[in-house]
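Commentary on secondary and tertiary structure
Chain by chain, the residues:
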Amino acid sequence: MNSYPEPLTPNSVVGPDEFFRMPDEYKALLVHQMKVHTEGEATGADDYAKIFYHLTKDPYEKMLCCKLAAEEMNHHIMGVEVLKAIDVDVSYMAHLDMQDRKLFDTEVVKRIDTWTERGFFGFLSEAAAYAQIEEFGHSSYKPISEMAASILRDEKGHIAHGFRIIRDLCKTEEGKAEAQAALTRMWPATLDLFGRSDSKRSAAYVRWGLRRLRNGDARQRYAERTRPKLEKLGLHAPDNMANRKFV
Ligand SMILES: [Fe+2]
Ligand SMILES: [Fe+2]
């Protein structure tokens, strides 16, 4: 198997010309990583525009759904451009129905039925996406690390808004009980977002400097960062191993 003795350093593959000279394994991993990410961004746009927009009667919240949908679609377009520069065409993705997108395929982004779940989508699921895009910030492929910086700025706002929805809900005992029930349901699926801990692909990403952390380490860091924020609101995340589809 092709590999370098040490993981490639950030930005060491500076653009498409250098990319085309890299070994096939590197090229295949990078294309897969970017396709999953780019599809996820299109689904994020649909979440805000097609699902969340209809879950609220509040004009301010509807306005934010439109704004955040636009930001997600902009993230999608950035991914399309990075791939286009290396001759990979994913222009079909935006038009696909959400349920037909199979690369970033998870219930926590595709099955949001209540405003409370929408709050946790921002607070938890987008924070999980943030943790993964943070890794892109250290990518050995410079166009990816450059793309990550502006996405992360937007995503901070998305997470903060989700947090605000849940924080406001927790001001009453009734609201807190509703939040706790949704959290208990959504926590395991959110941890599953990081993928299998023994994933060979995640180890290969690290080897090629496309990420620093393997799936299991990224998941653990996320859980450690997120639990105290939940505790502050009086909410308790289930055990990290409870009700997981895979570990
Ligand atoms: Fe995004
Ligand atoms: Fe987002």
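Think of each chain on its own: its residues are numbered from 1, step by step along the sequence as written. Chains and ligands are labelled by the order in which they are written, letters from A for the one and numbers from 1 for the other. Note on the predicted model: pLDDT of at least 70 is required for a residue's local features to be given, and 80 or more for side-chain atom pairs to be given and counted; whole-chain, interface and lining totals, by contrast, use all residues.

**Topic: the overall build of the protein chain**
- In terms of regular secondary structure, the protein chain is built from nine helices and zero strands.
- The numbering of helices and of strands both runs from the N terminus, where a helix is a DSSP run of H or I of at least 4 residues and a strand a run of E of at least 2. Of the regular secondary structure in the protein chain, the N- to C-terminal order runs α-α-α-α-α-α-α-α-α.
- Between the two quantities, the radius of gyration covers C-alpha atoms and the globule rule is 2.2 Å times the number of residues to the power 0.38. The globule rule puts the C-alpha radius of gyration for 247 residues at 18 Å, and the 18 Å found for the protein chain is close to it.
- Based on the C-alpha atoms only, the size of the protein chain along its principal axes is roughly 60 × 35 × 30 Å.
- Remark: residues whose backbone-derived C-beta atoms lie within 7 Å of one another are considered to be in contact. For the protein chain, the share of sequence-separated contacts (at least 6 apart) that also reach a separation of at least 24 residues comes to 74%.

**Description of the environment of Leu 30**
- Turning to its location among the elements, Leu 30 is positioned in helix H2 (residues 24–51).
- Placed 114 residues apart in sequence, Leu 30 and Ile 144 show a C-alpha to C-alpha distance of 9.4 Å.
- Residue contacts for Leu 30: discarding those within four places in its chain leaves Tyr 141 and Leu 210.

**Here we look at the packing of helix H5 (residues 115–136) against helix H6 (residues 142–169)**
- Interaxial distance between H5 and H6 falls to 8 Å at its minimum, and their mutual angle equals 155°. One element, H5, and the other, H6, form an angle in the roughly antiparallel class. Pair H5 / H6 crosses with left-handed handedness.
- Class assignment of the residues belonging to the contact of H5 with H6 gives a composition of 18 nonpolar, seven polar and four charged. Axis definition: a line fit to C-alpha positions, over the contact stretch in the case of helices; interaxial angles, taken between N-to-C directions, run 0 to 180 degrees. The cut-offs work like this: below 35 degrees is roughly parallel, past 145 is roughly antiparallel, 65 to 115 is roughly perpendicular, and the gaps in between are oblique. The sense of a crossing depends on the near helix, which, turned anticlockwise from the far helix by less than a right angle, makes the crossing left-handed and, turned clockwise, makes it right-handed. Under the scheme applied, nonpolar residues are Ala, Val, Leu, Ile, Met, Phe, Trp, Tyr, Cys and Pro; charged residues are Asp, Glu, Lys and Arg; polar residues are all the others, including Gly.

**Comments concerning the packing of H2 against helix H3 (residues 59–84)**
- H3 packs onto H2 with a crossing angle of 160° between their chain directions and a minimal axis gap of 8 Å. Overall, the two elements H2 and H3 adopt an arrangement that is roughly antiparallel. In the crossing of H2 with H3, the sense of the turn from one axis to the other is left-handed. The residues of H3 that touch H2, namely those facing Met 34, His 37, Thr 38, Glu 41, Ala 42, Gly 44, Ala 45, Tyr 48 and Ala 49, are Cys 65, Cys 66, Leu 68, Ala 69, Glu 72, Met 73, His 75, His 76, Gly 79, Val 80, Val 82 and Leu 83.
- Tallied by class, the residues present in the contact of H2 with H3 amount to 13 nonpolar, six polar and two charged.

**A closer look at the nonpolar core**
- In this structure, Phe 120, Phe 123, Ala 128, Met 147, Ile 166, Ala 179 and Leu 183 are the most contacted members of the largest nonpolar core, which totals 54 residues.
- Those elements that place two or more of their residues in this core are H2, H3, H5, H6, helix H7 (173–192) and helix H9 (215–232).
- Excluding residues that lie within four positions of it along the chain, Met 147 makes contacts with Met 78, Val 82 and Phe 136. Here, a nonpolar core means buried Ala, Val, Leu, Ile, Met, Phe, Trp, Tyr and Cys residues linked by C-beta atoms lying within 7 Å of one another. For the exposure call, what matters is how many other C-beta atoms sit within 10 Å of a residue's own: 20 or more marks it buried, 12 or fewer exposed, and in between partly exposed, using C-beta atoms placed from the backbone.

**Points about helix H8 (residues 200–207)**
- Those residues of H8 that fall on the buried side of the exposure criterion are Ser 202, Tyr 205 and Arg 207.
- In this structure, the buried side of H8 is in contact with H2 and H9.
- The positive-phi residue at the C-terminal boundary of H8 is Gly 209, with phi of around 70°.

**Focus: unusual backbone geometry**
- The phi torsion at Asn 11 lies on the positive side, around 65°, for a residue other than glycine.
- Among the secondary structure elements, Asn 11 is positioned in the segment before helix H1 (16–20).
- Even without a glycine there, the phi angle at Asn 243 is positive, about 60°.
- When you line up the elements, Asn 243 lands in the segment after H9.
- For Asn 243, a count of 13 C-beta atoms within 10 Å translates into the label partly exposed.

**Some details on the environment of Leu 233**
- Within the secondary structure, Leu 233 is located in the segment after H9.
- Using a count of 18 C-beta atoms within 10 Å as the deciding quantity, one classes Leu 233 as partly exposed.
- Sequence separation between Leu 233 and Arg 201 is 32 residues, and the spatial gap between their C-alpha atoms is 36 Å.
- The residues touching Leu 233, leaving out its near neighbours within four places in the chain, are Ile 166, Arg 167 and Cys 170.

**Remarks on the environment of Leu 124**
- Here Leu 124 is to be found in helix H5.
- Residues Leu 124 and Leu 233, 109 residues apart in the sequence, show an inter-C-alpha distance of 14 Å.
- In this view, Leu 124 contacts Met 186, Thr 190 and Thr 226; residues no more than four positions away in its chain are not counted.

**Structural notes on the confidence of the model for the protein chain**
- On a range of 0 to 100, pLDDT expresses the predictor's confidence in each residue. Taken as a whole, the protein chain shows an average pLDDT of 93; of its residues, 96% reach a score of 70 or greater.
- Looking at the elements of the protein chain, mean pLDDT is at its lowest for helix H4 (residues 107–110), recorded as 68, and at its highest for H3, recorded as 98.

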